[in-house]
Amino acid sequence: MTLYDDAVLVLKGYEGQPELRQVYLDHLAAHPDGMYKPCGAGHLTSSALVIDPSRGRVLLTLHRKLNMWLQMGGHCEEGDRTVAEAALREAAEESGIAGLTLLPGGPVRLDRHPIPAPCHWHLDVQYAALAPAGAQAAISDESLDLRWFAYDEVAGVADTSVVRLLEGTLARLG
């Protein structure tokens, strides 16, 4: 199975946000190259909110190019076999945390947002990753900063997409 095939299966199985999910599926149907950055019409990205439920906190990165506090994530790469694997790889690379595990149940949310030309859209498939006990984060070259925030601090530092991702993650955690 290709990464493209996996993305289609993941999206078809995702039960939330039906209109946006269909936008993603239509995009992939129209753009067989829509998994990767060179697709000028937009491409899927994969991200994960790193969460430490035992301490009531999430790890956010201050994105180097956007200067915004965001979840870990980025572009799918040729070696990624699944969208979930891409999210976990990005989360580990950007957080420096080994042993992250994705929250069961597939994607938590979808978020489509415009980006500067030559590409036009990121169609982000958003997961949540559980940090192991005692996890120590280490900043990557892609970040200006990396910081743990209490759940109630996130709305004061991050945009609506991150807040909604946290809300969805907390709802799934019960």
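Rules and cut-offs
Residues numbered from 1 in each chain as written. Predicted model: local features only at pLDDT ≥ 70, side-chain atom pairs only at ≥ 80, totals over all residues. Heavy atoms only, no water. Salt bridge = Lys/Arg side-chain N within 4 Å of Asp/Glu carboxyl O. Buried < 20%, exposed > 50% of the residue type's maximum accessible area, 1.4 Å probe, protein only. Helix = DSSP H or I, 4+ residues; strand = E, 2+ residues; numbered from the N terminus. Polar contact = N/O pair within 3.5 Å; in protein donor to acceptor, adjacent residues only side chain to side chain. Contact = heavy atoms within 4.5 Å. Disulfide = S-S within 2.5 Å. Pairing = 2+ DSSP bridges.

Considering the pattern of salt bridges
So, point 1. Using the criterion set out here, one finds seven salt bridges in the structure.
So, point 2. Between Glu85 and Arg81 there is a salt bridge, with the nearest N and O atoms lying 2.8 Å from each other.
So, point 3. Residue classification places Glu85 among the partly exposed positions, given a relative accessible area of 24%.
So, point 4. According to the relative accessible area criterion, Arg81 is exposed, its value standing at 60%.
So, point 5. Taking the shortest distance from any N to any O, the salt bridge between Arg89 and Glu90 comes out at 3.0 Å.
So, point 6. Under the relative-accessibility criterion, Arg89 is labelled buried at 17%.
So, point 7. It is possible to trace a salt-bridge network through shared partners that takes in Glu77, Asp80, Arg89, Glu90 and Glu93.

Some thoughts on the side chain of Thr61
So, point 1. Relative to the helices and strands, Thr61 is located in strand β2 (residues 57-63).
So, point 2. Since its relative accessible area comes to 1%, Thr61 is described here as buried.
So, point 3. A polar side-chain atom of Thr61 sits 2.3 Å from a polar atom in the side chain of Ser143.
So, point 4. Apart from residues lying up to four places away in sequence, Thr61 is in contact with Met68, Trp69, Leu70, Gln71, Met72, Glu94, Ser143, Asp145 and Leu146.

Some words on the state of the cysteines
So, point 1. Counted according to the given criterion, the structure contains zero disulfides.
So, point 2. No disulfide involves Cys76; its sulfur sits 12 Å from that of Cys39, the nearest cysteine.

Some remarks on the environment of Ala92
So, point 1. Looking at the element boundaries, Ala92 is found in helix α3 (residues 83-95).
So, point 2. When neighbours within four sequence positions are excluded, Ala92 is seen to be in contact with Ile97 and Leu100.

Details of the pairing of strand β7 (residues 121-130)
So, point 1. For β7, a buried count of eight out of 10 residues is recorded, marking the element as mostly surrounded by other parts of the structure.
So, point 2. In the sheet, strand β1 (residues 43-52) pairs with β7 via nine bridges, with the strands oriented parallel. When the bridges of β7 are listed, Leu44 appears paired with Leu123.
So, point 3. Looking at chain direction, strand β5 (residues 101-102) and β7 are connected through two bridges and run antiparallel. When the bridges of β7 are listed, Leu102 appears paired with Ala129.
So, point 4. Bridge count for strand β6 (residues 109-114) against β7 is six bridges, and the pairing is antiparallel. Among the inter-strand pairings, Arg112 is bridged to a residue of β7, identified as Leu123.

Read these as spatial facts, not as claims about activity.
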